[in-house]
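# Tertiary structure, described
The chain contents come next:
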Amino acid sequence: SDEQMTKKNIQKPLRKKTVCPSKDKALLCAQAASNKKARDIRVLDVRTLTDITDFFVICSADNTRQALAIADEIQQKLKSHHMKAGHKEGSGEANWVLLDCYDVIIHIFLEEARGFYRIEDLWAEAKQVTISNIPPAFGEARSRLSADKN
């Protein structure tokens, strides 16, 4: 009947989800860093502060070998999710490995370099994103992040 056809053709309006693929990508990177036992993992939302990227993921490694392993794990995780893994800067005796994944930039520091460059202080106005599902031993900043700066 015409009435049934009309009811079938009328669809409920789709709810528009607030989706941020770059945020999901940043959290995926944080999880990958955690898989390789990165410490003090932080995700900063810098979308309102710069046009160069949307998010920074910042973490610490105990040594260069671990820093490179963290970078490799992040690149593999992104590739396995069909995301561009970008390019890597810093190798060998690097105190700082940077992965430029376009909308997410990952900084992997040895502790001394992290203290010297103080990236978190330079971007103090950025909102810190709450990280979940990362074991506290690996994400030491987790308790600080739970007080998310909405």
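Residues numbered from 1 in each chain as written. Predicted model: local features only at pLDDT ≥ 70, side-chain atom pairs only at ≥ 80, totals over all residues. Heavy atoms only, no water.

## As for the overall build of the protein
Just so we agree on the cut-off: Helical segments are the DSSP runs of H or I of at least four residues, strand segments are the runs of E of at least two, and each set is numbered from the N terminus. Remark: exposure states derive from per-residue accessible area (1.4 Å probe, protein chains only) relative to the maximum for the residue type, with buried under 20%, exposed over 50%, and partly exposed in between. By definition, residues are in contact when any of their heavy atoms lie within 4.5 Å. Accessible surface is estimated by sampling points in the Shrake-Rupley manner with a 1.4 Å probe; for residues, cover comes only from the protein chains shown.
For the protein, the count of helices and strands is six helices and six strands. When the 150 residues of the protein are sorted by exposure, 39% land in the buried category. Residue pairs in contact within the protein that sit at least 24 positions apart in sequence constitute 58% of those at least 6 positions apart. Element-wise, carbon and sulfur atoms account for 50% of the exposed surface of the protein, whose accessible area totals about 9500 Å².

## Focus: the sheet that holds strand β3 (residues 87–89)
Using the following cut-off: Here, a strand pair is defined by DSSP locating no fewer than two bridges between the strands. Note on geometry: axes are C-alpha line fits, over the in-contact stretch for helices, and angles between N-to-C directions span 0 to 180 degrees.
The six strands lie next to each other as β3-β4-β5-β2-β1-β6, forming an open sheet whose pairing is mixed. Both edges of this open sheet fall to β3 and β6 (127–128), since each of them pairs with a single strand only. In the sheet, β3 pairs with strand β4 (residues 96–100) via three bridges, with the strands oriented antiparallel. Paired with Glu89 across the bridge in β4 is Leu98. Packing against the sheet, helix α2 (residues 21–35) makes contact with β1 (39–45), β2 (55–61) and β5 (104–110), and its axis sits at approximately 5 degrees to β2.

## Quick notes on the environment of Ala85
By secondary structure assignment, the location of Ala85 is in the loop between α3 (64–80) and β3. When the C-alpha atoms of Ala85 and Ala71 are compared, they prove to be 9.9 Å apart, with 14 residues separating the residues in sequence. Each residue touching Ala85, except ones within four places of it in the same chain, is listed here: Gln75, Leu78, Lys79, Asp100 and Cys101.

## Let's talk about unusual backbone geometry
Positioned with a positive phi, Asp40 is a non-glycine residue whose angle comes to about 50 degrees. Along the polypeptide, Asp40 turns up in strand β1. The exposure class assigned to Asp40 is buried, which follows from its relative accessible area of 13%. Despite not being glycine, Arg118 shows a phi value in the positive range, around 45 degrees. Relative to the helices and strands, Arg118 is located in the loop between α4 (111–117) and α5 (119–122).

## Topic: the pairing of β5
Within β5, seven of the seven residues are buried, which leaves the element mostly enclosed by the surrounding structure. Burial of the side chains of β5 extends over both faces: Val104, Ile106, Ile108 and Leu110 are buried on one face and Ile105, His107 and Phe109 on the other. Alignment of β2 against β5, held across seven bridges, turns out to be parallel. Each residue of the ladder has a partner; that of Cys59, found in β5, is Ile108. As paired elements, β4 and β5 share five bridges and run antiparallel to each other.

## With respect to the pattern of salt bridges
This is how the line gets drawn: We count a salt bridge whenever a side-chain nitrogen from Lys or Arg sits within 4 Å of a carboxyl oxygen from Asp or Glu.
Taken as a whole and judged by the stated rule, the model has 10 salt bridges. Put simply, Arg39 and Glu111 hold a salt bridge, and the shortest N to O gap is 3.1 Å. With Arg39 in strand β1 and Glu111 in helix α4, the pair connects residues that are 72 residues apart, well separated along the chain. The residue Lys88 makes a salt bridge to Asp72 at a minimum N-O spacing of 2.8 Å. Taken together, the positions of Lys88 in strand β3 and Asp72 in helix α3 put the pair 16 residues apart, joining distant regions of the chain. Classification of Asp72 as partly exposed rests on a relative accessible area of 37%. Through salt bridges with shared partners, a single ionic network connects Asp40, Arg42, Arg114 and Glu120.

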